[in-house]
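Chain by chain, the residues run as shown.
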Amino acid sequence: MTENKEKWNFKPIIGLTVISLLICGLFFPLLVTGIAQVFFPYQANGEIVQLNGKAVGSNLIAQNFTLPIFFHPRNDSASGVDPDITLQDAYSQIPRISNATGIPADSLTYIVNQNQEGTLWIFGSPYVNVLRINLALIKEYPSIYSGFSG
Amino acid sequence: MIDAIQAISVVLILGITILIARLIAPYLVRVYNRSPSRLDKVLNPVEKFIYKICSIDPEHPMGWKQYFLAGLLLNVAQMVIAFLILVLQDKLPLNPLGFPGLSWDLAFHTVTSFATNTNLQHYNGEATLSIFSQMTAIQFLQWTSAATGICMGIAFIRGFIVGSKNLGNFHVDFVRTITRILLPLCLIASVVFVVMGVPQTLNASTTVTTLQGTTQSILVGPVASLDSIMQLGTNGGGFYGANAAYPFMNPSPYSNIFMISLMLLLPTALIFVFGELLGKKREARPLLWGAYILFGIALVIAFIPNIPLVASGIETRFGGFMSNFYTVTTTAATTGSVNSALSSMHPLAITSGFLGMFIQSIPGGKGIGLMYMVMYIIITVFIVGLMSGRTPEYLGIKITGRDVKLVMVAFLIHPIIILIPTVIAYASGAAAAIGVGGNSVGYTQILYEFTTSAANNGSDFLGASGNTTFFNIATGIVMLIGRYASIAILLALSGSMIVRKRGGTTGLKTDSPVFTIVLVASIIILVLLTFFPFLALGPISSFFRGLTNGF
């Protein structure tokens, strides 16, 4: 084959390295950033949740709840920041919250059920987002949670 | 075990993915045949400009050596520039959290890992890499390794086409793969990910005051642009250490299914491209059915045990079933992203993962999986030829002694670069140094580390604990050999086909269902003969221990 005798040309190598870096490493991520920030700013910035005008967390990232009056997240999941707990987990925490706050267990069960997610039921058990149900508690019982309304 | 509805949903997800792959295959064929397209108006001037400033002659044909070297040298140059970016990230822009430059061995490991399409990560991205590094080192190499893999697969197919005179031009294939395939597909996928909740910003973190009054840093960044290429390019490297278990990478059950589908899309589409480029669509059947029958077997193995709804190491929003499905898919397509902690997976699911990485073509990485499947077909044709006393033929081409030697070398590289380093890791004390024991659990982790490197997969048990000089260098070398030696040998095989005579159809019919069954059987026998003892010491031993002591 004649190809072996040809002199190797390094210009395409250098040129394509620079151009692929510009297209793949800069142009594309910046293009997506532009589209995301203009059309979907809420998702693009991490689904930050606000309470009375203050950023209190992200819908998708677990935050630490230790007080007995709140629902608690898991502390053993793969990502370490699993924002959700199963319905059973939520139900099991209801007696503690009810004891600490005096809110009837039935009302807490109702709030949990109202916020149930996991519409793809065939793939797993239904779950609730911990931050979302805690925010629902604050909204529903402002007097009990008066110190936490931001 | 899984129930009927879950089984049906698996079949539906795979069926829809195969259908979409079938639909985009003709477009891919037109890209590589340089057929006219509606995108020409926009892209022709761009591509011509690129060819001009890079002094690329688009009509210059390449043989296998030239094609391979063009790809290898480009990848090396890309590794060098990404290496510099990682080592010098503290002096480069967009480093809002002020991370220092990477150590030379971690940077070497990382660029090798991403350039070889492995994406094994010995670091946690959110605590190590600047936004600039995430874009211009990580995402950059995810694109270029994906494009290189597809090009190699396409060049490989060209060697088998009747009347082909060369394998094409690597530079042109590389540019067109980026502009006409990856850019549009990744753009669509990235936007879908953003809509599903994946962040895309140049900020690295947002600080909030939690309801209980503490300060929390929400770590964000250009994640959606990574999500798309990591899955479509069968890369698998995550923005965060927790990979696709991290809610910002994979926010919902929907994004999880979308990811499974994306991983399989291009490897499957290229199987159809194989049939179309050859002008013999039926010849794609043994590749497609062979791949998906074996993938099905891997799924069945993983689904045998009782799958917990949610357990430690499994994210609530996915549940045990979707985590298992994802784990089998990520190894079958050698992607390597993970949506759960592998250490929480049942030993049978891990065994199934090993099978995907041992075989490397069910359907395997895009381009490369196809090359391996043709390798298995040639081995099978040879074995059947020996048994029936006929001259082995594939696609009307007589299979020579040299061909069989080449495919056997390509096949045997894999066990050699997995097993020898595994032994060295124990003999040198490198495994003990990171606290991995010599029992079946520890052995599984080390065997997995080198298997994932050799198969250019990228899922792993070690994670950041693998950031030692030994594991960085050892797995780096294994990844390089696993990627480039196999590609070179299989391209040499394909390149030698160009000059050969095509006979009639006197040989074995390789497009028949019977052949597919024989192919599947011979792959299982080959892989079990080679790897069974090593599986027996690892996950299978863990399985039997679990049966008596509980999992």
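Cut-offs and rules
Residues numbered from 1 in each chain as written. Chains lettered and ligands numbered in written order. Predicted model: local features only at pLDDT ≥ 70, side-chain atom pairs only at ≥ 80, totals over all residues. Heavy atoms only, no water. Helix = DSSP H or I, 4+ residues; strand = E, 2+ residues; numbered from the N terminus. Rg over C-alpha atoms; globule rule 2.2 N^0.38 Å. Buried < 20%, exposed > 50% of the residue type's maximum accessible area, 1.4 Å probe, protein only. Contact = heavy atoms within 4.5 Å. Areas by Shrake-Rupley, 256 points an atom, 1.4 Å probe, with all protein chains shown as cover. Lys, Arg positive; Asp, Glu negative; His and termini not counted. Charge placed at Lys NZ, Arg CZ, Asp CG, Glu CD. Buried area = accessible area lost by both parts, 1.4 Å probe. Salt bridge = Lys/Arg side-chain N within 4 Å of Asp/Glu carboxyl O. Polar contact = N/O pair within 3.5 Å; in protein donor to acceptor, adjacent residues only side chain to side chain. Phe/Tyr/Trp six-rings, centres within 6.5 Å; stacked < 30°, edge-to-face > 60°. Axes fitted to C-alpha atoms, helices over the stretch in contact; angles between N-to-C directions. Parallel < 35°, antiparallel > 145°, perpendicular 65-115°, else oblique. Left-handed = near helix turned anticlockwise from the far one by under 90°. Nonpolar A, V, L, I, M, F, W, Y, C, P; charged D, E, K, R; others polar. 1 Å grid on protein atoms, 1.4 Å probe; cavity = no way out; pocket = protein on both sides within 12 Å on 5 of 7 lines; lining within 4 Å. Points joined across faces, edges and corners; volume = space filled by probe spheres on them. Expected span 1.5 Å × (residues − 1). Core = buried A, V, L, I, M, F, W, Y, C linked by side-chain atoms within 4.5 Å. Domains from an automatic or database assignment. Patch = residues over 30% accessible without salt bridge, like charges linked within 9 Å, V, L, I, M, F, W, Y side chains within 5 Å. Pairing = 2+ DSSP bridges.

Helices and strands together make up the secondary structure of chain B, namely 18 helices and four strands. Relative to the globule expectation of 24 Å for 551 residues, the C-alpha radius of gyration of chain B, 23 Å, shows essentially globular dimensions. Overall, the C-alpha framework of chain B stretches about 80 × 65 × 50 Å when taken along its three principal axes. Classification of the 551 residues of chain B by burial places 65% in the buried group. Sequence separation of at least 24 residues holds for 78% of the intrachain contacts in chain B that already meet a minimum separation of 6. Just so you have it, chain B exposes about 18,000 Å², and 70% of that area is on carbon and sulfur atoms. Side-chain charges in chain B split into 29 positive and 18 negative, and the spacing between the mean points of these groups amounts to 12 Å.

We now examine the overall build of chain A. If you tally the helices and strands in chain A, you get five helices and four strands. Counting from the amino terminus, helix and strand elements in chain A follow one another as α-α-β-β-β-α-α-β-α. Over its C-alpha atoms, taken along the principal directions, chain A stretches across nearly 85 × 35 × 25 Å. Burial analysis of chain A (150 residues in total) assigns 52% to the buried set. In chain A, the proportion of contacts linking residues at least 24 apart, taken out of those at least 6 apart, comes to 50%.

Each partner contributes residues to the interface: chain A has 73 residues there, and chain B has 82 residues. Summed over both sides, the interface of chain A with chain B buries roughly 6,300 Å², with 72% coming from carbon and sulfur. Taken together, chain A and chain B are joined by zero salt bridges. Applying the counting criterion to the chain A and chain B interface returns 20 residue pairs in polar contact (both at pLDDT 80 or more). At the level of elements, helix H1 (11-39), helix H2 (41-44), strand E1 (48-51), strand E2 (54-58), strand E3 (84-86) and helix H5 (130-140) of chain A are the ones that each hand at least two residues to the side of chain A that touches chain B. If one sorts the elements of the side of chain A that touches chain B by residue count, H1 of chain A sits on top with 23 residues.

Let us look at the packing of aromatic side chains. A ring pair, where both rings are aromatic, is described by two values, the distance of the centres and the angle of the planes. Here the structure, examined in full by the defined rule, presents 23 aromatic pairs over all chains. The interplanar angle of 80 degrees and the centroid separation of 5.1 Å between the aromatic rings of Phe70 of chain A and Phe148 of chain A together place this pair among those described as edge-to-face. Here Phe148 of chain A lies in the segment after H5 and Phe70 of chain A lies in the loop between E2 and E3, a separation of 78 residues in the sequence. Assigned by exposure class, Phe70 of chain A and Phe148 of chain A land together as buried. Arranged with centres 5.1 Å apart and planes meeting at 55 degrees, the rings of Phe239 of chain B and Tyr240 of chain B form a pair that is tilted. Classification of Tyr240 of chain B as buried rests on a relative accessible area of 0%. Through a chain of ring-to-ring contacts, the aromatic side chains of Phe354, Phe358, Tyr448, Phe461 and Phe531 of chain B assemble into a single cluster.

The next subject is the packing of helix H3 (residues 64-87) of chain B against helix H4 (residues 104-115) of chain B. All names here are of chain B. Interaxial distance between H3 and H4 falls to 9 Å at its minimum, and their mutual angle equals 140 degrees. Between H3 and H4, the crossing angle belongs to the class labelled oblique. Considering only the axes of H3 and H4, their crossing is right-handed. Facing Asn75, Met79, Ala82, Phe83, Leu86 and Val87 of H3, the residues of H4 in contact are Trp104, Ala107, Phe108, Thr110, Val111, Thr112 and Ala115. Grouping the constituent residues of the contact of H3 with H4 by class yields ten nonpolar, three polar and no charged.

Residue and element names in this part refer to chain B. By volume, the largest pocket is sized at about 500 Å³. Lining the largest pocket are 25 residues, with Ser343, Ser344, Met345, His346 and Pro347 sitting closest to its centre. Split by residue class, the lining of the largest pocket holds 13 nonpolar, eleven polar and one charged. Empty space within the second largest pocket amounts to approximately 380 Å³.

Attention now moves to the pattern of salt bridges. The full count for this structure, using the stated rule, is 13 salt bridges over all chains. Between Asp76 of chain A and Arg74 of chain A there is a salt bridge, with the nearest N and O atoms lying 3.3 Å from each other. Classification of Arg74 of chain A as buried rests on a relative accessible area of 14%. Between Glu315 of chain B and Arg317 of chain B there is a salt bridge, with the nearest N and O atoms lying 2.6 Å from each other. The same class applies to Glu315 of chain B as to Arg317 of chain B, namely buried. Taken together, the shared-partner salt bridges in this structure form one network comprising Asp40, Glu47, Arg176 and Arg180 of chain B.

Residue and element names in this part refer to chain B. For helix H11 (residues 319-332), spanning 14 residues, the distance from its first C-alpha to its last is 20 Å, which sits close to the expected 20 Å at 1.5 Å a residue. By the criterion of burial, H11 is predominantly enclosed, with 14 of the 14 residues buried. Directly beyond the C-terminal end of H11, a positive phi value near 40 degrees is found at Thr334.

For the rest of this paragraph, the subject is the nonpolar core. Taken as a class, soluble globular proteins show a tendency for nonpolar side chains to be buried jointly. In this structure, Phe160, Phe295, Phe325, Tyr376, Tyr394 and Leu491 of chain B are the most contacted members of the largest nonpolar core, which totals 204 residues. When residues in this core are grouped by element, the largest group, 18 residues, is from helix H6 (residues 131-160) of chain B. There are two domains that each give this core at least three residues, and those are domain 1 (2-41) and domain 2 (58-148) of chain A. Counting residues in hydrophobic clusters, the runner-up holds 28 residues, among them Val130, Leu135, Tyr145 and Phe148 of chain A.

Relative to the elements of secondary structure, Thr86 of chain A occurs in strand E3. Remark: the alpha-carbon pair of Thr86 of chain A and Asn129 of chain A, spanning 43 residues in sequence, is separated by 8.9 Å.

For the rest of this paragraph, the subject is a nonpolar patch on the surface. Residues and elements named next belong to chain A. Together, Phe10, Ile14, Val18 and Leu22 line one region of the surface with nonpolar side chains, adding up to about 380 Å² of accessible area. Within the secondary structure, Leu22 sits in helix H1. Overall, Leu22 belongs to the partly exposed group, its relative accessible area being 45%.

A word on the pairing of strand E1 (residues 205-209) of chain B. Residues and elements named next belong to chain B. As paired strands, E1 and strand E2 (residues 215-219) are joined by five bridges and run antiparallel to one another. Paired with Thr206 across the strands is Ile218, a residue of E2. Adjacent in sequence and paired antiparallel, E1 and E2 are bridged by five residues, among which Gly213 carries a positive phi angle near 90 degrees.

With that out of the way, let us pick up unusual backbone geometry. Residues and elements named next belong to chain B. Residue Pro363 is bonded to the preceding Ile362 through a cis peptide linkage, with omega at 0 degrees. By secondary structure assignment, the location of Pro363 is in the loop between helix H12 (347-359) and helix H13 (368-388). Positive phi values are uncommon outside glycine, yet Thr334 reaches one of about 40 degrees. Judged by relative accessible area, which is 4%, Thr334 ranks as buried. Look at Gln360: it is not a glycine, yet its phi comes out positive at around 65 degrees.

Honestly, it's all geometry; don't read function into it.
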